[in-house]
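Chain residues, written in single-letter form:
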Amino acid sequence: MTAPLLTMQHIVKSFYGVKVLDDVSIDLFAGETLALLGENGAGKSTLIKILNGDYRRDGGEILIDGQPVNIDAPRDAENLGIRMIYQELHYAPELSVAENLLLGALPRRGGALNWLIDWQQMNRQAHEALALLNVDIAPTTKMRDLSVVEREIIEIVKALSRQARIIVMDEPTAALTPPEVQRLFGIIRGLQARGVGIIYISHRLDEVFEIAGRITVLRDGKHVGTNPRAEVTHQSLVQMMVGRSIEDRAEVRAQSEAITPGAVALEVRGLSKAGAFNTIDLQVRAGEIVGLFGLLGAGHTLLTQAIFGAIKSDSGTILVDGTPARIASPQDGQRAGIGFVPLDRKVNGLVLDMSVRKNITLSNWRVLTRFGAFQRGLEMQHSRNWVDQLGIRMAGGIETHTRYLSGGNQQKVVLARWLEANVRVLLLNEPTWGVDVGARSDIYDQLEALAAQGLAILMVSSDIEEVLSVSHRILTIYKGRLTGEFSQSDATQEKLLHAAAGGQS
Amino acid sequence: MRSVQMRSVQEIASLVVMLVIIVVVMSAASPVFFTTRNLENTLLDITTVGILAIFTTMLMIGGGLDLSIGSTLALGGVIVGVYQEAWGILPAAGAAILVCGLVGLINGFLVTYVGINPLITTLGMLSIARGVAFVLADGLTIPVFDLQGTQTDAYTLFTQFGEGRVLGLDTPVAVMLALFVLALLVMQFTPYGRAMYAIGGNYQASNLAGLAVRRYRMIAYMLSGLSAGVACVLLTSRLYAADPRAATGMELTVITAAVLGGISLAGGKGTLIGTMLGVLILSALMNGMKLLSTSTDAQNIALGLVLLLAVGLDQIRQRNFNIMRFLRSSRLVPEVARVSPAEGSQS
């Protein structure tokens, strides 16, 4: 048997005396996809950064084709054919695909001075590079006109055209719809066929099962195990990652008695916005979690924004607790008793350079001030209360800036803000994007507890497992129209996907 | 991970060190520098910049910027000068403050509701206010004192703004300190101060948290204008004259002091104490150079150097700048624009 393409042996790395990687070993063969799993903080990204030369290892060895190599800087990794595809892509949006592909090595012409760009040659080279992976994107398209998945694909093509032998992908599907994920997987299989080794980092287990040959799990900086796909199950992987077993939520829920929701807390009548959604009627009762399932761009995100007042709708009525609410701005939404957890918590949810305490109380100043000044003790007491109740974990106490929290804990801070503001209705957008498995289960528990206390929750999600396991009732949306309604016991993946893809239910 | 509190303490400490070094060096170089008289004069000299800097700091923490304060101040002064006889000196002074507040309000409206970039808005207003000041004053410096002798009492009171003393301090200094303490309390303990940090830190998130982001921003611009109004009354009273050329370029000194003191152009960061230390550092430097008979041009050059040095060092510290890595990687490779979805969507 030939030597593995890449071997990382006994890697050790500490920051300020804290071991973040403790004797971790992985190997990767040519033409294989190795999934790297672990909760946030398990050491995945440290390992990858060592491979890419961003960090220097404290101990251990890296071998390529069985030969020990030195990787001290990103340039060394590049020379060895190691490429990273990050979640945040780097590209020039106003330039064409071909220009982006060949940037830094654009073919030239123009005689001795060589001062002109040979556009024809450039487009031909780009076309050849795209053809290697059967990508049908015109080289002349501007980068900004491509979809997210297409930009990722261009990044992969670029890596390959620059002699990549090992490609590391960090959560490449975080912003993709299911069909786009399939397109990306097609590309990954193309890479495998060309003998490239792929390290695939993801939180989405179903994807990992689909694309990876072997799966490595890290936990707390230690290597828990590497297994062929066939030898692990969903549950055993979660257990390896979390270190304890998490009961299957859907089963638990199926056993529990059907909930008896209270009065209608949120009612939407005939809400329309041109190009976004059309005559939406829906009701959410107190104590009920309603899942709103649709593919990306189906209009559900815009719908929740409109209910909250973040965008304007053209027509329709919104009633909270049976009273019509005039909602033209987020302030109106908040005043009406609606809370809104946005899609991208770092951009839209949190003030990252403010403390956990101040972020939690951001929507509830009226109660916490007296004679125009904050009552510090009261504010502290209120925010501590939510930190305890939701189990928000942070290294440096309640004054830690939210920037330094993990995704799951950041999401809990946003949740806590609306609970502190004492809202009646909570609109959630993709509540567990970029949240690791353990924290995810935690958030679901919290949502159920909140519903049980009488909160009405409308949850937008494009994660079908999430919708199925958390919602009491599920609505599907397709091209801005509601296309189906399912009780929890009726709903199946097939039915939901069918309805969300525009099929009649 | 360094604690953030620690960092700001470090920042303040390094500003204090900088101030001490300048004072020590200047005292050694000029025997006049460290005298009660010179220090008192310096303090009086910085009141205009100081008052403007307090409100510029609050505005910039909230993610705003106001380049028009110098012009607004001149406009206010001219209003005092032109209307002192027709309206009486005290009503004219009141009107000047109101007009300055109105200018700020217009800035705020254009930025928050019309959506013009703050730099452009206040650059335009810089031109407009200065232009109106020149038109009203006919391009001339207007004497401000009781020419007819009909408002003796009112002028006596008006003169007190610039020349009187309160609690053993010159009135302008006392006003500046009072405003400073007030602003400090507001930023530390009130929703308004919290809102400035939140909005400057993340406008979109603050909006989606239900904060009245536009109203807060408007108020910040209005206060910036009002501060120019207060400063113009103090200055006119002290100088017995209103000059349409007054405070030309002062906005740059003010912003320099703020940035030197740790205020970020992006908003959300910095403290009033930092800004005030910035003001003190700049004025100690300028005053010292003046005593050493350096030309104004040289002082301007020093001003610019201090700004670039301070901000440059801070950037380097933040990025864990590594000179070896820099040299190794500084081959002539074309730089690819870094556009992430998150950054792209922030304005």
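Residues numbered from 1 in each chain as written. Chains lettered and ligands numbered in written order. Predicted model: local features only at pLDDT ≥ 70, side-chain atom pairs only at ≥ 80, totals over all residues. Heavy atoms only, no water.

Okay, the overall build of chain B next. For chain B, the helix and strand inventory stands at 16 helices and four strands. Burial status across chain B gives 48% buried among its 347 residues. For chain B, the exposed surface amounts to about 16500 Å²; the carbon and sulfur share of it is 68%. (Helix = DSSP H or I, 4+ residues; strand = E, 2+ residues; numbered from the N terminus. Buried < 20%, exposed > 50% of the residue type's maximum accessible area, 1.4 Å probe, protein only. Areas by Shrake-Rupley, 256 points an atom, 1.4 Å probe, with all protein chains shown as cover.)

With that settled, the discussion passes to the nonpolar core. Counting residues in each nonpolar core, the largest one holds 91 residues, and the members touching the most others are Leu52(B), Ile54(B), Leu73(B), Tyr216(B) and Leu285(B). Among residues more than four places away in sequence, those in contact with Ile54(B) are Met176(B), Leu179(B), Phe180(B), Ala183(B), Leu272(B) and Met276(B). Of all hydrophobic cores here, the second largest spans 64 residues; its members include Leu266(A), Leu271(A), Val423(A) and Ala456(A). (Core = buried A, V, L, I, M, F, W, Y, C linked by side-chain atoms within 4.5 Å. Contact = heavy atoms within 4.5 Å.)

All names here are of chain A. If you walk across this open sheet you meet the four strands as 14-13-16-17, and the pairing is antiparallel. Bordering the open sheet on either side are strand 14 (277-285) and strand 17 (323-324), each of which pairs with just one other strand. Bridge count for strand 13 (residues 264-273) against strand 14 is six bridges, and the pairing is antiparallel. When the sheet's bridge partners are listed, Leu271 is paired in strand 14 with Ile280. (Pairing = 2+ DSSP bridges.)

Glancing now at the domain arrangement of chain A. Residues and elements named next belong to chain A. Split by domain assignment, chain A resolves into domain 1 (6-247), domain 2 (248-337 + 424-505) and domain 3 (350-422). In this complex, domain 2 contributes 18 residues to the contact, which on the side of domain 3 involves 12 residues. Counting each side, the surface lost to burial between domain 2 and domain 3 is near 1100 Å², with a carbon and sulfur contribution of 65%. Three residues, Gln334, Ile443 and Gln446, lead the burial of domain 2 against domain 3; their summed loss comes to 35% of the area buried on that side. Between domain 2 and domain 3 we count one salt bridge in total. With its nearest N and O atoms 2.5 Å apart, the salt bridge here joins Asp442 to Lys412. Applying the counting criterion to the domain 2 and domain 3 interface returns four residue pairs in polar contact (both at pLDDT 80 or more). Contributions of two or more residues to the side of domain 2 that touches domain 3 are made by strand 21 (425-429) and helix 17 (437-452). (Domains from an automatic or database assignment. Buried area = accessible area lost by both parts, 1.4 Å probe. Salt bridge = Lys/Arg side-chain N within 4 Å of Asp/Glu carboxyl O. Polar contact = N/O pair within 3.5 Å; in protein donor to acceptor, adjacent residues only side chain to side chain.)

Attention now moves to the state of the cysteines. The tally for this structure, following the rule as stated, stands at zero disulfides over all chains. Sulfur of Cys100(B): no disulfide; nearest cysteine sulfur belongs to Cys232(B) and is 4.7 Å away. (Disulfide = S-S within 2.5 Å.)

Quick look at the sheet that holds strand 12 (residues 222-228) of chain A now. Residues and elements named next belong to chain A. Strand order in the open sheet made by the six strands is 6-9-10-3-11-12, with mixed pairing throughout. Only two strands of the sheet have a single partner each, and these edge strands are strand 6 (82-85) and strand 12. Within the sheet, the average angular offset between the axes of one strand and its neighbour, ignoring direction, is 20 degrees. Strand direction decides the pairing type here: strand 3 (residues 33-37) and strand 11 (residues 214-219), joined by four bridges, are parallel. When the bridges of strand 11 are listed, Leu36 appears paired with Thr216. Across the sheet, helix 6 (residues 178-193) touches strand 3, strand 9 (166-170) and strand 10 (197-201), and the angle it forms with strand 10 is around 145 degrees. The sheet strands contacting helix 8 (residues 234-242) are strand 3, strand 11 and strand 12, and the helix crosses strand 11 at an angle near 30 degrees. (Axes fitted to C-alpha atoms, helices over the stretch in contact; angles between N-to-C directions.)

Moving on to the interface of chain A and chain B. Listed per partner, the contact involves 42 residues of chain A and 35 residues of chain B. For the chain A and chain B pair, buried surface summed over both sides reaches about 3200 Å², with 62% attributable to carbon and sulfur atoms. Sorting the residues of chain A by area buried against chain B places Arg75(A), Val347(A) and Trp365(A) first, and these three jointly supply 18% of that buried surface. Here chain A is connected to chain B by two salt bridges. Across the pair Glu379(A) and Arg194(B) runs a salt bridge, and its minimum N-O distance is 2.8 Å. Taken together, the links from chain A to chain B amount to six residue pairs in polar contact (both at pLDDT 80 or more). Listing elements by their share of the side of chain A that touches chain B, those giving two or more residues are helix 11 (330-335), helix 12 (345-349), helix 13 (356-360), strand 20 (373-374) and helix 16 (407-420) of chain A. Here the side of chain A that touches chain B takes four residues from helix 12 of chain A, the largest share from any one element. In the side of chain A that touches chain B, the residues fall into 22 nonpolar, 11 polar and nine charged. (Nonpolar A, V, L, I, M, F, W, Y, C, P; charged D, E, K, R; others polar.)

Residues and elements named next belong to chain B. The phi angle at Leu167 is positive, at roughly 50 degrees, despite the residue not being glycine. Relative to the helices and strands, Leu167 is located in the loop between strand 2 (165-166) and strand 3 (169-170). Although it is not a glycine, Tyr240 sits at a positive phi angle of roughly 55 degrees. Mapped onto the secondary structure, Tyr240 falls in the loop between helix 11 (213-239) and strand 4 (241-242).

Attention shifts here to the pairing of strand 13 of chain A. In summary, the side chains of a regular strand alternate between the two faces of the sheet. Residue and element names in this part refer to chain A. Taking the residues between adjacent antiparallel strands as the criterion, strand 13 and strand 14 are bridged by three residues, where Gly275 takes a positive phi near 80 degrees. Pairing analysis gives five bridges linking strand 13 to strand 16 (residues 315-320), with the strands arranged antiparallel. Bridging across to strand 16, Arg269 finds its partner in Thr317.

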